[in-house]
Amino acid sequence: MRLLADLHTHTVASGHAYSTLAENVHVARSRGMELVAVTDHGPRVPQGAHPWYFWNLKAVPSVLDGVRILKGCEANVVPDTENGLDLPDIVLGLLDFVAVGFHPTGGFDEPDRARNTEALLRVMANPLVDQITHPGNDDEFPVDMDAVVEAAVRYNVIVELNDHSFAPTSSRAASTAREREFARVAYAAGAPISIGSDAHFALSVGRFEAALAVAEELKIVEDRIVNRNAEAVMAHLLGKRERPYLDAGGEWSWPNEEHFSHIHK
Ligand SMILES: [Zn+2]
Ligand SMILES: [Zn+2]
């Protein structure tokens, strides 16, 4: 199985990643990939990107060196904002791709399965949310797997099988069995599935070996993996909701000044 899109990559804008967006795209191109989503961390993680960073992704072309770029985010699930995420809906609505996940310092550091599940289900019901990242991180952020998978099916939210979670150096290394189990249950339930690199350095973009081995073990067929190619990614995203900026030509248009006056804070 060869996947031609990566829906989980970080750049220097995340504060603890070490390559630029252009470097990530360059590596993706050298590997023959068709699409990369740039999903930098939201503002709640230390040195995460400011809302302005996400708002101004319009400065980035939608196609670079023949690789389609989805301007996205990995927003943090947080307990104390209007939408339960650390980026407001007005910013999320400008993005091509919205991934969400739990991260340390986000306000859910005390493991509490019921509280985490409630918070995650709430953001999954938000039509702007496209993907949940590393959901099997049971050691740090336990959730009720069946309830989350059911919500993924109901709201057409992608369940990620995160390659980096299987690296021995990962902070999630203690939860690999659960990450695998999440993929198995999500697959059986018919939820959309992705395999993401979670690259924090350019050379990791499009590297999925560990997660692919798990997918193979679980007999997950390629047709069920959203990021198998750019066409499948675009079809999924446009089937979920209308996206004013997700055009094939790479041009952004801007609705009006009033729209972004809300995020100047
Ligand atoms: Zn993450
Ligand atoms: Zn990430």
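Reading guide: rules and limits
Residues numbered from 1 in each chain as written. Chains lettered and ligands numbered in written order. Predicted model: local features only at pLDDT ≥ 70, side-chain atom pairs only at ≥ 80, totals over all residues. Heavy atoms only, no water. Helix = DSSP H or I, 4+ residues; strand = E, 2+ residues; numbered from the N terminus. Rg over C-alpha atoms; globule rule 2.2 N^0.38 Å. Buried < 20%, exposed > 50% of the residue type's maximum accessible area, 1.4 Å probe, protein only. Contact = heavy atoms within 4.5 Å. Lys, Arg positive; Asp, Glu negative; His and termini not counted. Charge placed at Lys NZ, Arg CZ, Asp CG, Glu CD. 1 Å grid on protein atoms, 1.4 Å probe; cavity = no way out; pocket = protein on both sides within 12 Å on 5 of 7 lines; lining within 4 Å. Points joined across faces, edges and corners; volume = space filled by probe spheres on them. Nonpolar A, V, L, I, M, F, W, Y, C, P; charged D, E, K, R; others polar. Polar contact = N/O pair within 3.5 Å; in protein donor to acceptor, adjacent residues only side chain to side chain. Donors = N, O, S within 2.8 Å, 3.2 Å for Na, K, Ca; no water. Tetrahedral: all angles 85-135°; square planar, octahedral: opposite > 155°, others 65-115°. Axes fitted to C-alpha atoms, helices over the stretch in contact; angles between N-to-C directions. Parallel < 35°, antiparallel > 145°, perpendicular 65-115°, else oblique. Pairing = 2+ DSSP bridges. Right-handed = clockwise from strand over helix to strand, strands pointing away.

Caption draft 1: Examining the overall build of the chain more closely. Helix and strand content of the chain: nine helices and eight strands. Relative to its length of 265 residues, the chain is compact, with a C-alpha radius of gyration of 17 Å against a globular reference of 18 Å. Overall size of the chain, expressed as C-alpha extent along the three principal axes, is 45 × 40 × 35 Å. Residues classed as buried in the chain amount to 56% of the 265 residues present. Considering only residue pairs separated by 6 or more positions, the chain has 79% of its internal contacts joining residues 24 or more positions apart. Here the chain contributes 23 positive and 38 negative side-chain charges, whose respective centroids are spaced 3 Å apart.

Caption draft 2: Looking closely at empty space enclosed by the protein. Scanning the model with the defined rule gives one cavity of 30 Å³ or more in all. Considered as a void within the structure, the largest cavity measures approximately 80 Å³ in volume. The wall of the largest cavity is formed by Gly101, Phe102, Leu120, Ile132, Thr133, His134, Pro135, Asn137, Phe141 and Val143. Split into classes, the residues belonging to the lining of the largest cavity amount to six nonpolar, four polar and no charged.

Caption draft 3: Up close: helix H8 (residues 230-240). Along H8, the residues that are buried comprise Ala230, Ala232, Val233, Met234, His236, Leu237 and Lys240. Residues of H8 that are buried sit in contact with strand E1 (5-9), strand E2 (35-41), strand E4 (67-76), strand E5 (97-101), helix H5 (145-155) and strand E7 (158-162). The N-terminus of H8 is capped by Asn229, whose side-chain oxygen sits 3.2 Å from the backbone nitrogen of Glu231.

Caption draft 4: Highlighting the coordination of the zinc ion (ligand 2). Only His8 (NE2), His10 (NE2), Glu74 (OE) and Asp198 (OD) from the protein reach the zinc ion (ligand 2) as donors, at distances of 2.0 to 2.2 Å. Coordination at the zinc ion (ligand 2) is irregular: its four donor atoms span angles of 81 to 171 degrees at the metal. Spacing between the donor residues of the zinc ion (ligand 2) along the chain follows H-x1-H-x63-E-x123-D. A separation of 3.2 Å is found between the zinc ion (ligand 2) and the zinc ion (ligand 1), which are bridged by Glu74. Highlighted residues: His10 in the loop between E1 and helix H1 (21-30) and Glu74 in strand E4, separated in sequence by 64 residues. As far as burial versus exposure is concerned, His10 and Glu74 are alike and both buried.

Caption draft 5: Spotlight on the coordination of the zinc ion (ligand 1). Protein-derived ligands of the zinc ion (ligand 1) are Glu74 (OE), His103 (NE2) and His134 (NE2), with the metal-ligand distances lying across 2.1 to 2.2 Å. Residue class for His103 comes out buried when judged on its relative accessible area of 9%.

Caption draft 6: A look at the packing of helix H4 (residues 113-124) against H5. As a packed pair, H4 and H5 sit with axes 10 Å apart at the nearest point and diverge in direction by 5 degrees. Between H4 and H5, the crossing angle belongs to the class labelled roughly parallel. Between H4, through Thr117, Leu120, Leu121 and Met124, and H5, the contact on the second element is made entirely by Ala147, Val148, Ala151, Ala152 and Tyr155. Residues of the contact of H4 with H5, tallied by class, amount to eight nonpolar, one polar and no charged.

Caption draft 7: Quick look at the environment of Ala114. Relative to the helices and strands, Ala114 resides in helix H4. In this structure, the C-alpha to C-alpha distance between Ala114 and Val143, residues 29 residues apart in sequence, is 6.9 Å.

Caption draft 8: Spatial organisation of the pairing of E1. Of all five residues making up E1, five are buried, and the element is well covered by its neighbours. Pairing analysis gives three bridges linking E1 to E2, with the strands arranged parallel. Residue pairing across strands places Ala5 opposite Leu35, the latter belonging to E2. In terms of handedness, the path from E1 via H1 over to E2 forms a crossover that is right-handed.

Caption draft 9: View of the pairing of E5. Counting buried positions along E5 gives five out of five residues, so the element sits mostly inside the fold. Here E5 shows a buried face lined by Phe97, Ala99 and Gly101 and a second buried face lined by Val98 and Val100. As paired strands, E5 and strand E6 (residues 131-132) are joined by two bridges and run parallel to one another. Counted as the bridge partner of Val100 is Ile132 from E6. With H4 bridging E5 and the parallel E6, this β-α-β connection has right-handed handedness.

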